[in-house]
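The lines below spell out each chain.
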Amino acid sequence: MRSHHRRSKILVYSGTPIREEIVPHGPFVMNSMEEIRQAYKDYHEGKFGPPAK
C-alpha cells in the first residue's frame, strides 16, 4: 500500500475464533438481546462516561 498525500496506519488482527453467539444491534455487539437492552439503558443513563470531544 502506498499513500502519496498523507501518512496512514493499518492494523491487522487475527486470532482463534471464540465460537460465541453475537447479537449486533446499532453501535453495540453483545452476546444476547438482553445485553443489548442493558447497554442501551446504561448509555441513556450516562454510565459510559462523558461524551467524546
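This text follows the structure it describes.
Residues numbered from 1 in each chain as written. Predicted model: local features only at pLDDT ≥ 70, side-chain atom pairs only at ≥ 80, totals over all residues. Heavy atoms only, no water.

**Here we look at helix 1 (residues 33-44)**
Item 1. Relative to the 16 Å expected for 12 residues at 1.5 Å per residue, helix 1 spans 17 Å between its end C-alpha atoms, a close match to the ideal helical length.
Item 2. Backbone geometry just downstream of helix 1 places Gly46 in the positive-phi region, at approximately 75 degrees. (Helix = DSSP H or I, 4+ residues; strand = E, 2+ residues; numbered from the N terminus. Expected span 1.5 Å × (residues − 1).)

**Considerations on the pattern of salt bridges**
Item 1. The final tally for this structure, using the stated rule, is four salt bridges.
Item 2. Lys47 serves as the salt-bridge partner of Asp42, at 3.9 Å between the closest nitrogen and oxygen.
Item 3. We classify Asp42 as buried; its relative accessible area is 18%.
Item 4. A relative accessible area of 53% means that Lys47 is categorised as exposed.
Item 5. Between Lys47 and Glu45 there is a salt bridge, with its nearest N and O atoms 3.1 Å apart.
Item 6. Salt bridges sharing partners connect three or more residues here, namely Lys41, Asp42, Glu45 and Lys47. (Salt bridge = Lys/Arg side-chain N within 4 Å of Asp/Glu carboxyl O. Buried < 20%, exposed > 50% of the residue type's maximum accessible area, 1.4 Å probe, protein only.)

**A closer look at the environment of Ala39**
Item 1. Positionally, Ala39 belongs in helix 1.
Item 2. When residues no more than four places from it in sequence are discounted, the contact partners of Ala39 are Phe28, Met30 and Phe48. (Contact = heavy atoms within 4.5 Å.)

**Describing the side chain of Asp42**
Item 1. If you trace the backbone, Asp42 turns up in helix 1.
Item 2. If near-sequence neighbours (up to four positions away) are discounted, Asp42 is found in contact with Lys47 and Phe48.

**As for the packing of aromatic side chains**
Aromatic ring pairs are described here by two measures, namely the spacing of the ring centres and the angle between the planes.
Item 1. Applying the stated criterion to the full structure yields three aromatic pairs.
Item 2. Look at Phe28 and Tyr40: their rings are 4.9 Å apart centre to centre, the planes differ by 80 degrees, and that puts the pair in the edge-to-face class. Of the two residues, Phe28 is situated in strand 2 (residues 28-30) and Tyr40 in helix 1; the sequence distance between them amounts to 12 residues.
Item 3. Of the residues examined, Phe28 reaches a relative accessible area of 11% and is grouped as buried. (Phe/Tyr/Trp six-rings, centres within 6.5 Å; stacked < 30°, edge-to-face > 60°.)

This is a description of form; function is not addressed.
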